[in-house]
Amino acid sequence: MSRKPSARDRLLASADELFYAEGVHTVGIDRIIEHAGVAKASLYSCFGSKDGLIRAYLEGQHQRRRRRITARLEQYDNPRDRLLGVFDGLIELAATTTFRGCAFYNASAESPGGGVVEQVSDENRAWTRELFTELARDAGAKDPDALAAQLVVLYDGSSVGARMDRSAAAATTSRMVAAALLDAATA
């Protein structure tokens, strides 16, 4: 017999679905509570506030993103393919019918600066920069930091483009541009 998920897990699952599809500030706590099938007190005892739930949602998004990208990179044997594999993963993700772009960008676009969204988004972006810097260094880039800065902008732009166009074409194009940037940075 399988156990019913905890109130915390149901709240997070509801936040994942509703926040990603509609926005962290558009969706109210009453809607999340109803969708999760829990009492209002559960939200406050598990997360303290809506901001606490937003933090947990974004941290969960970050952890899943890290696992997804890390698993993708394990498929490749050489540094060049590993770096371009980040873009391969975005192409695959952008091709899904549920792709709505970057959860961090979406949440940041509707949130004031200085809050929980900015804090967790900054952590996610720092990880992305570090990842691209490491991959650029491993691939032999003469200036890994400069290449990483270019790749972050390219990755961000292709995520937005894929969302706006409802197509993986921007991500496919960004992979080709990333390959050209990598070739230039290692020549």
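Calculation notes
- Residues numbered from 1 in each chain as written.
- Predicted model: local features only at pLDDT ≥ 70, side-chain atom pairs only at ≥ 80, totals over all residues.
- Heavy atoms only, no water.
- UniProt positions renumbered as here; feature names shortened; annotations may be inferred.
- Helix = DSSP H or I, 4+ residues; strand = E, 2+ residues; numbered from the N terminus.
- Domains from an automatic or database assignment.
- Contact = heavy atoms within 4.5 Å.
- Buried area = accessible area lost by both parts, 1.4 Å probe.
- Salt bridge = Lys/Arg side-chain N within 4 Å of Asp/Glu carboxyl O.
- Buried < 20%, exposed > 50% of the residue type's maximum accessible area, 1.4 Å probe, protein only.
- 1 Å grid on protein atoms, 1.4 Å probe; cavity = no way out; pocket = protein on both sides within 12 Å on 5 of 7 lines; lining within 4 Å.
- Points joined across faces, edges and corners; volume = space filled by probe spheres on them.
- Nonpolar A, V, L, I, M, F, W, Y, C, P; charged D, E, K, R; others polar.
- Axes fitted to C-alpha atoms, helices over the stretch in contact; angles between N-to-C directions.
- Parallel < 35°, antiparallel > 145°, perpendicular 65-115°, else oblique.
- Left-handed = near helix turned anticlockwise from the far one by under 90°.

- Per an unreviewed UniProt entry, the protein goes by HTH-type transcriptional regulator betI and derives from Actinoplanes friuliensis DSM 7358.

**What to know about the UniProt feature "domain: HTH tetR-type" (unreviewed entry) in the protein**
Then comes step 1: With numbering matched to this structure, UniProt assigns "domain: HTH tetR-type" (unreviewed entry) to residues 5-65.
Then comes step 2: A distance of 22 Å separates the end C-alpha atoms of residues 5-65, which is 79% helix and 0% strand.

**A closer look at the domain arrangement of the protein**
Then comes step 1: If you check the domain split of the protein, you get domain 1 (7-48) and domain 2 (61-186).
Then comes step 2: Here domain 1 and domain 2 have C-alpha centroids that lie 28 Å from each other.
Then comes step 3: Contacts between the two partners involve seven residues from domain 1, matched on the other side by 11 residues from domain 2.
Then comes step 4: Roughly 690 Å² is buried in total at the junction of domain 1 and domain 2, and carbon and sulfur atoms are behind 44% of that figure.
Then comes step 5: Here domain 1 and domain 2 share one salt bridge between them.
Then comes step 6: A salt bridge links Arg64 to Asp16; its shortest N-O distance comes to 3.0 Å.

**Comments concerning unusual backbone geometry**
Then comes step 1: Phi at Arg166 takes a positive value of approximately 55°, unusual for a residue other than glycine.
Then comes step 2: Relative to the elements of secondary structure, Arg166 occurs in the loop between helix H8 (144-165) and helix H9 (169-186).
Then comes step 3: Using a relative accessible area of 70% as the deciding quantity, one classes Arg166 as exposed.

**Some points on empty space enclosed by the protein**
Then comes step 1: If you walk through the whole model with that rule in mind, you get two cavities of 30 Å³ or more.
Then comes step 2: By volume, the largest cavity is sized at about 40 Å³.
Then comes step 3: Lining of the largest cavity is provided by Arg68, Ile69, Arg72, Val86, Gly89, Leu90, Leu93 and Tyr155.
Then comes step 4: Breaking the lining of the largest cavity down by element, the ones donating at least two residues are helix H4 (50-73) and helix H5 (79-94).
Then comes step 5: The leading source of residues in the lining of the largest cavity is H5, at four residues.
Then comes step 6: Around the second largest cavity, the lining residues are Phe19, Tyr20, Gly23, Val24, Tyr57, Ala103, Asn106, Ala107 and Glu110.
Then comes step 7: Elements that contribute at least two residues to the lining of the second largest cavity include exactly helix H1 (7-22) and helix H6 (103-109).
Then comes step 8: The biggest single contributor to the lining of the second largest cavity is H6, with three residues.
Then comes step 9: Within the lining of the second largest cavity, the residues separate by chemical class into six nonpolar, two polar and one charged.

**Examining the UniProt feature "DNA-binding region" (unreviewed entry) in the protein**
Then comes step 1: The feature "DNA-binding region" (unreviewed entry), as given by UniProt, occupies residues 28-47 in the numbering adopted here.
Then comes step 2: Here residues 28-47 runs as 80% helix and 0% strand, with 15 Å between its end C-alpha atoms.

**Things to note about the packing of H5 against helix H7 (residues 116-138)**
Then comes step 1: Two numbers describe how H5 lies on H7: the axes approach to 8 Å, and their chain directions differ by 150°. Classified by the angle between their axes, H5 and H7 sit roughly antiparallel to one another. Note on packing geometry: the crossing formed by H5 with H7 is left-handed. Residues Pro79, Arg82, Leu83, Val86 and Phe87 of H5 pack against Leu131, Phe132, Leu135, Ala136 and Asp138 of H7.
Then comes step 2: Per-class residue counts for the contact of H5 with H7 are eight nonpolar, no polar and two charged.

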